[in-house]
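Structural overview
Below are the chains, spelled out letter by letter.
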Amino acid sequence: MYTNIVRVIHQKESIFIFMLFLFFFPLKTQASNLVYFFIDSFITEGNIQKVYVFNYTGELNDCLKSLEYRSLTTHFNWFQKYGHRFLLLIPSLVAFIVLLYRKQKNYLFNLFDWLLTIICCFSILNSINLTYILINRYHLFSNSQLIISLPEIIVFNTIGCYIFFKIFGSVQRTQTLLIGVFSFYLSFKIWFNYIGPYILPV
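The shown structure was predicted, so the numbers you read here are calculated from the model rather than taken from an experiment. (Residues numbered from 1 in each chain as written. Predicted model: local features only at pLDDT ≥ 70, side-chain atom pairs only at ≥ 80, totals over all residues. Heavy atoms only, no water.)

**Here we look at the environment of Asp-113**
Under the convention used in this document: Starting at the N terminus, helices and strands are each numbered in turn, a helix being any DSSP run of H or I of at least four residues and a strand any DSSP run of E of at least two. With a 1.4 Å probe rolled over the protein chains alone, any residue whose accessible area is under 20% of its type maximum counts as buried; one over 50% counts as exposed, and the rest are partly exposed. By the convention used here, residues are in contact when the closest approach between their heavy atoms is within 4.5 Å.
Summarising the element assignment, Asp-113 is placed in helix 8 (residues 111-136). In this structure Asp-113 comes out as buried when scored by relative accessible area, which is 2%. Setting aside residues no more than four positions away along its own chain, Asp-113 makes contact with Leu-99, Arg-102 and Leu-108.

This is the structure:
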């Protein structure tokens, strides 16, 4: 067992995996900002940029700004108000479809598959966080919020389990647990505590 773990860690691929997970939060947050910019340019009439700054968190989460944004968008239809939540999921869904296709074609799991996995994890992480919030603060969710949130939770938690148990082999699971988890945590600490606030403040 120990010998197998050492062998997995010393693979050249492990360095790439470490770097991918190390850049997870910069990639995730700025991909989110790019999607918001696209949405604002074509769907929400430029109102997001009137209120929010595209910051290091990749989220639009200021309470006062949220109220200001709602006052600017009272004339919006349902898709303009809520469609952004679904559009943010598209990159992860596309990445999963490609990953699934490559698995069915019996391609060897390689560096490109790891990149697809990282993109899938953008929405998987959101669904895990949403699940945690829903369990602990269920009373704060309105019926409309539940209707919007539950499909995301079910779909992406399922996708996460499917990738880990069906698409990953034993080597990939070991690499994720030994390398990915550590560099993922390191990415969170470095990006949110140091680099992110410095270069893209709220």
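So much for the structure itself; the text now carries on.
**Some points on the side chain of Ser-183**
Going by this rule: The definition of a polar contact used here is a pair of N or O atoms within 3.5 Å, where within protein one atom must be able to donate a hydrogen and the other to accept one, and adjacent residues in sequence count solely through side-chain atom pairs.
Locating Ser-183 in the fold gives a position in helix 10 (residues 170-199). Here the side chain of Ser-183 touches Gly-180 through a polar contact of 3.3 Å, landing on its backbone oxygen. With near-sequence residues (within four places) excluded, Ser-183 lies in contact with Ile-17, Phe-18, Phe-21 and Leu-22.

**Considering the nonpolar core**
A general tendency of soluble globular proteins is for nonpolar side chains to be buried together. Rules: Nonpolar cores are built from buried Ala, Val, Leu, Ile, Met, Phe, Trp, Tyr and Cys residues. Side-chain atoms within 4.5 Å join them into one set.
Counting 25 residues, the largest nonpolar core has Trp-114 and Ile-163 as the members making the most contacts within it. Put simply, the parts of the chain that give this core at least two residues each are helix 2 (12-22), helix 3 (24-42), helix 7 (90-104), helix 8, helix 9 (143-167) and helix 10. For this core, the leading source of residues is helix 8, giving seven residues. Residues within four places of Ile-163 in sequence aside, it is in contact with Phe-96, Leu-99, Thr-117, Cys-120, Ile-124 and Phe-168.

**Describing helix 7**
Note the threshold: In this scheme, a helix's expected span is set at 1.5 Å multiplied by one less than its residue total.
Between its terminal C-alpha atoms helix 7 stretches 21 Å, which fits the 21 Å expected from 15 residues at 1.5 Å a residue. Contacts made by the buried residues of helix 7 are with helix 8 and helix 9. One or two residues past the end of helix 7 sits Asn-106, with phi positive at roughly 60°.

**Details of empty space enclosed by the protein**
Vacant regions in the atomic arrangement are exposed by a probe of water-molecule size rolled over the atoms. The following threshold applies: Definitions used throughout: a 1 Å grid over protein atoms alone; a cavity as a set of points that fits a 1.4 Å probe which cannot get out; a pocket as an open set with protein on both sides within 12 Å along at least five of seven lines; a lining residue as one with an atom within 4 Å of a point. Grid points are joined across faces, edges and corners, and a volume is the space filled by probe spheres set on the points. Under the scheme applied, nonpolar residues are Ala, Val, Leu, Ile, Met, Phe, Trp, Tyr, Cys and Pro; charged residues are Asp, Glu, Lys and Arg; polar residues are all the others, including Gly.
Applying the stated criterion across every chain yields a total of one cavity of 30 Å³ or more. The calculated volume of the largest cavity comes to roughly 50 Å³. The class makeup of the residues in the lining of the largest cavity is four nonpolar, two polar and three charged.

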